[in-house]
Amino acid sequence: MRAVVTDGKGDLKFSDRPVPEPGPGEVRIAVAAAGVNPVDMATRDGYLHASVVPAGTTLGLGWDVAGIVDAVGADVTSPAVGTRVVGLRPDPTTPLGTYADFVVLPVEAVASIPDGLDTVAAASIPLNILTADQALDLAGPVGTLLVTGAAGGVGGYAVALAAHRGWTVTALARDSDREFVLNAGAASAIGTVADAGSFDAVLDAAALGATAIAAVRDDGHYVGVLPPAIPEPVRGVSAAAVSVRHDGGRLAQLLRLVSNGTVEVRVAGTLSLDHARKAQDEASTPGVRGRWLLTP
Ligand SMILES: NC(=O)c1ccc[n+]([C@@H]2O[C@H](COP(=O)([O-])OP(=O)(O)OC[C@H]3O[C@@H](n4cnc5c(N)ncnc54)[C@H](OP(=O)(O)O)[C@@H]3O)[C@@H](O)[C@H]2O)c1
């Protein structure tokens, strides 16, 4: 089978691999689509090789996957072979990612795709929706929330999920994204961070750092998306960053919010795995909205 890998030097390589076998507690997924996320481009360009894995290590690309379970480990009773599932790869340092014909994931990293949700489109969901939801867990008691990067992958879900939890959300987004963020559940939309110290919390999906933490009231909460780049805490504001974790149970709950229309799924486009590099370049274009997907 084909898999797209990288040595962290900026290139994508096609690798011919044996089809992986699921072990205990694992399922094999015949990939229908893999999502293209900023972390994939960062991995291609060496961020894991700079600090986490030795130089020269071959890493599989891709975290998000949707497809059909086509084999299960001996002890696995659910999901059954033939189930449509979506999942998040738990470990980005392995030689096989989701840019591949088949992947093996632990059962606890996958969720069944609800009826009515397209299998390919579902590949756009796991990384960003889990990041947004887990980030909100760090934002303190419900109140007023500023979401930066509110039209992006993480930010868009954050707006919808925060509104669903009862936050009064202000979305930082371009004028051209105003309608999207208001439809997603924001009470208001702004183009620049002007009101210093006025929000109970900020979810900084645009990684603005000091500019974003300045918007939080004294003793409020800042939640970032880049753990190595948390701004200096100021005025008693707590500063933390989310590190997304696979969680099939939570993903299943969040998919219900997709199914009932609380959360909108956005797909920018779909390309075949052969065009993985082009999909990454398209996904890196400023202003792109929704995820690019790769189909085998
Ligand atoms: N820690 C974790 O577990 C985790 C998990 C997932 C993602 N992330 C990180 O989260 C970040 C966001 O990911 P994403 O998938 O949401 O990216 P994305 O879809 O590209 O969205 C980023 C958003 O931020 C906006 N933005 C960027 N710079 C801005 C600026 N200076 N001022 C205002 N808005 C700005 C972008 O607007 P324009 O397109 O208009 O420029 C876009 O709407 C990435 O750095 C990603 O690596 C972290």
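Residues numbered from 1 in each chain as written. Predicted model: local features only at pLDDT ≥ 70, side-chain atom pairs only at ≥ 80, totals over all residues.

Quick look at the overall build of the protein now. What the protein contains, in helices and strands, is nine helices and 16 strands. In terms of C-alpha radius of gyration, the protein reaches 19 Å, essentially the compact-globule figure of 19 Å for 296 residues. Out of the 296 residues in the protein, the part that is buried amounts to 46%. In the protein, the proportion of contacts linking residues at least 24 apart, taken out of those at least 6 apart, comes to 64%. (Helix = DSSP H or I, 4+ residues; strand = E, 2+ residues; numbered from the N terminus. Rg over C-alpha atoms; globule rule 2.2 N^0.38 Å. Buried ≥ 20, exposed ≤ 12 C-beta atoms within 10 Å, placed from the backbone. Contact = placed C-beta atoms within 7 Å.)

Attention shifts here to the sheet that holds strand β4 (residues 59–60). Hydrogen bonds between backbone atoms are what pair the strands of a sheet, whose relative direction is either parallel or antiparallel. Here we have three strands laid out as an open sheet, ordered β2-β1-β4, and antiparallel in their pairing. The sheet is open, and its two edges are formed by β2 (13–16) and β4, each paired on a single side. As defined by bridge partners, strand β1 (residues 2–6) adjoins β2 across four bridges and the pair is classed as antiparallel. Across the sheet, residue Arg 2 finds its bridge partner in β2, namely Asp 16. (Pairing = 2+ DSSP bridges.)

When two helices pack together, their arrangement is given by the angle between the helix axes and the distance between those axes. Following both chains from N to C, one finds helix α4 (residues 126–136) and helix α8 (residues 248–259) inclined at 95°, their axes separated by 10 Å at the closest point. The angle between α4 and α8 places the two elements in the roughly perpendicular class. For the pair formed by α4 and α8, the contact residues are Pro 126, Ile 129, Leu 130 and Asp 133 on the first element and Arg 250, Leu 251 and Leu 254 on the second. Across the contact of α4 with α8, the residue classes tally to five nonpolar, no polar and two charged. (Axes fitted to C-alpha atoms, helices over the stretch in contact; angles between N-to-C directions. Parallel < 35°, antiparallel > 145°, perpendicular 65-115°, else oblique. Nonpolar A, V, L, I, M, F, W, Y, C, P; charged D, E, K, R; others polar.)

Right, let's get into the packing of α4 against helix α5 (residues 153–165). In the contact formed by α4 and α5, the axes pass within 8 Å of each other and the chain directions differ by 50°. In terms of their interaxial angle, α4 and α5 are classed as oblique. Seen along the crossing, α4 lies across α5 with a hand that is right-handed. On α5, the residues touching Asn 128, Ile 129, Thr 131, Ala 132, Asp 133, Ala 135 and Leu 136 of α4 are Gly 153, Val 154, Tyr 157, Ala 158, Leu 161, Ala 162 and Arg 165. (Left-handed = near helix turned anticlockwise from the far one by under 90°.)

Most of strand β6 (residues 84–88) is tucked away: four of the five residues are buried. Pairing geometry for β6 and strand β8 (residues 110–112), over three bridges, is antiparallel. Its bridge partner being in β8, Gly 87 is matched across the sheet by Val 110.

Right, let's talk about the site of the ligand for a bit. Lining the immediate environment of the ligand, one finds 26 residues, of which Gly 149, Gly 152, Gly 153, Val 225 and Val 244 sit closest. When residues of the shell around the ligand are traced back to their parent elements, those giving at least two are α1 (38–44), α4 and α5. Residue composition of the shell around the ligand, grouped by class: 15 nonpolar, 10 polar and one charged. Of the residues that make up the shell around the ligand, three or more belong to each of domain 1 (2–125 + 265–295) and domain 2 (128–241). (Near = placed C-beta within 6 Å. Domains from an automatic or database assignment.)

Before going further, it helps to spend a moment on the domain arrangement of the protein. Interface extent is often summarised as the accessible area lost during association of the parts. According to the domain assignment, the protein consists of domain 1 (2–125 + 265–295) and domain 2 (128–241). Each partner contributes to the interface: domain 1 provides six residues, whereas domain 2 provides six residues. Class assignment of the residues belonging to the side of domain 1 that touches domain 2 gives a composition of two nonpolar, one polar and three charged.

Core analysis: the largest hydrophobic core is formed by 94 residues, its most contacted members being Val 147, Ala 158, Val 159 and Leu 203. For this core, the domains that each give at least three residues are domain 1 (2–125 + 265–295) and domain 2 (128–241). (Core = buried A, V, L, I, M, F, W, Y, C linked by C-beta atoms within 7 Å.)

The subject of this paragraph is the sheet that holds strand β12 (residues 199–204). Strand order in this open sheet of six strands is β11-β10-β9-β12-β13-β14, and the pairing throughout is parallel. The open sheet is flanked by β11 (188–190) and β14 (238–241), the only strands paired with a single partner. Here the average twist between neighbouring strands, direction ignored, is 20°.

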